[in-house]
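Below, each chain spelled out in residue letters.
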Amino acid sequence: MSAFIRLTALLVFARIILAAPAASDCTGTISSLDDVAAAVKCTTVNINSFTVPAGKTFDLSLADGATVNMQGDVTFAVKNWDGPLFQVSGKSITFNGNGHTFDGNGPSYWDGQGGNGGVTKPAPMMKIKISGTYSNVKVLNSPARVYSVSNPAPLTMSQLTIDDSAGDAPNSKSGGKAAGHNTDGFDVSTTNLIIEDSTIHNQDDCLAINKGSNIVFQRNTCTGGHGISVGSISSDVTVSGITIQGNTIQNNDQALRIKTKASATSSTVTNITYTGNTGTGLRQFGVLIDQSYPDTLGTPGTGVKLSAVNFVGATNNLAVNSDAQRVAVNCGSGSCTGTWDWSALKVTGGKAGSITNFSGIKNFSQ
């Protein structure tokens, strides 16, 4: 082998080594933010109880294939800033919460206005940017929105708890309204995501899918908020291949909603499947499909094409309050298309809502 060839091979090998440093087969322990930089070089990261200083993000940029074990609760000190409070990134991660808590100190921020006014609140509280699994984590008292999920490859989130129930009550700053506001459980703009077997008590959407595909939301319990939502849908996005199944929705404004912005253009929502969901104590609607957002049943836009919204398989049983509407559909002219099979939808209580600009719903009547 010539000296030139040997030198070239060595240079290539050096570049490979420099470009892809391997994680150390060690265990890193985090008991303060000062420990993070060293700990994330290890394949195992253990998190002990500690308090994150005000105005700081607990940011874990993990080595691929790492395992994280929470061994204590993490509390975030209070400051009026944008956040996030926690962020985790990496590929093929195993994140074990072991039932421990991220405490956002929400009551110190809550004023009944959420992100619409009042004091600045860290939002989202939790940014999840991993693939792999994320399980058995509790979030207590988020200042506003809880999870923003943008996984780089398939991710399963399971056995999670979001407890913003204390935000149901008014406080001295909320003018008689619920103090917690805009406390969305999961804001999702991603693909290949499963969220399952989790419990959410909040004051806004349990789930909000803003764009993405191949998303499954199953066997979760949603209490107190605005139900399970596709949207709100803005311009130039696609949502497809969404499965909402086996969930329990209780004491929400509505159980199941699709909301598209009246001003949106060049967007598509298709292949949305609802199976075996149960809703009780629904305050305003059982099912709401509305293309006039942010209005409710206002003048609908026509820039989002909506198709293949189906209630099939196990029956979706929804019970609305006496002054609520069972089903309301508000499509823009020509923007809802095709035939929708609603044979597995049963809604009781309340009164029939209107179905506007669409005649493609089959096997269902109010």
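Residues numbered from 1 in each chain as written. Predicted model: local features only at pLDDT ≥ 70, side-chain atom pairs only at ≥ 80, totals over all residues. Heavy atoms only, no water.

(A) Representation of empty space enclosed by the protein. The full count for this structure, using the stated rule, is 1 cavity of 30 Å³ or more. Along its surface, the largest cavity is lined by Arg257, Lys259, Leu288, Asp290, Tyr293, Asp295 and Thr296. Breaking the lining of the largest cavity down by element, the ones donating at least two residues are strand S21 (254-261) and strand S24 (285-293). The greatest single-element share of the lining of the largest cavity, amounting to 3 residues, is contributed by S24. Here the residues of the lining of the largest cavity sort into 2 nonpolar, 1 polar and 4 charged. (1 Å grid on protein atoms, 1.4 Å probe; cavity = no way out; pocket = protein on both sides within 12 Å on 5 of 7 lines; lining within 4 Å. Points joined across faces, edges and corners; volume = space filled by probe spheres on them. Helix = DSSP H or I, 4+ residues; strand = E, 2+ residues; numbered from the N terminus. Nonpolar A, V, L, I, M, F, W, Y, C, P; charged D, E, K, R; others polar.)

(B) Structural view of the sheet that holds strand S17 (residues 221-223). Strand order in this open sheet of 11 strands is S3-S6-S8-S10-S13-S15-S17-S20-S23-S26-S30, and the pairing throughout is parallel. In the strand order of this sheet, the two ends are held by strand S3 (50-52) and strand S30 (345-348), each with one partner. Sheet twist, expressed as the mean angle between neighbouring strand axes with direction ignored, is 10°. Pairing geometry for strand S23 (residues 278-282) and strand S26 (residues 316-320), over 3 bridges, is parallel. Within the sheet, the bridge partner assigned to Thr278 lies in S26 and is Asn317. (Pairing = 2+ DSSP bridges. Axes fitted to C-alpha atoms, helices over the stretch in contact; angles between N-to-C directions.)

(C) Fine view of the layout of surface pockets. Each pocket or cavity is described by its volume, and for the largest pocket that value is around 690 Å³. What lines the largest pocket is a set of 36 residues, among which Asn182, Asp184, Asp204, Lys259 and Tyr293 lie closest to the centre. Split by residue class, the lining of the largest pocket holds 9 nonpolar, 18 polar and 9 charged.

(D) Just the side chain of Asn69, in detail. With respect to the helices, strands and loops of the structure, Asn69 is situated in strand S5 (residues 67-70). Among the residues examined, Asn69 registers a relative accessible area of 18% and is labelled buried. There is a polar contact of 3.0 Å between the side chain of Asn69 and the side chain of Asn96. For Asn69, the contacting residues outside a window of four places in its chain are Thr44, Val45, Asn46, Ile47, Asn96 and Asn98. (Buried < 20%, exposed > 50% of the residue type's maximum accessible area, 1.4 Å probe, protein only. Polar contact = N/O pair within 3.5 Å; in protein donor to acceptor, adjacent residues only side chain to side chain. Contact = heavy atoms within 4.5 Å.)

(E) Looking closely at the pairing of S26. Only one face of S26 is covered, namely the one carrying Asn316, Leu318 and Val320; the face carrying Asn317 and Ala319 has none of its residues buried. Pairing geometry for S26 and S30, over 4 bridges, is parallel. In the sheet register, Asn317 faces S30, and the bridge partner there is Lys346.

(F) Local environment of the side chain of Asp184. Of note, Asp184 is situated in the loop between strand S13 (161-163) and strand S14 (186-196). Summary of buried charges: Asp184 has no salt-bridge partner, and the nearest side chain of opposite charge, Arg145, is 5.5 Å away. With sequence-adjacent residues up to four places away left out, Asp184 is seen in contact with Arg145, Val146, Tyr147, Asn202, Asp204, Asp205 and Ala208. (Lys, Arg positive; Asp, Glu negative; His and termini not counted. Salt bridge = Lys/Arg side-chain N within 4 Å of Asp/Glu carboxyl O.)

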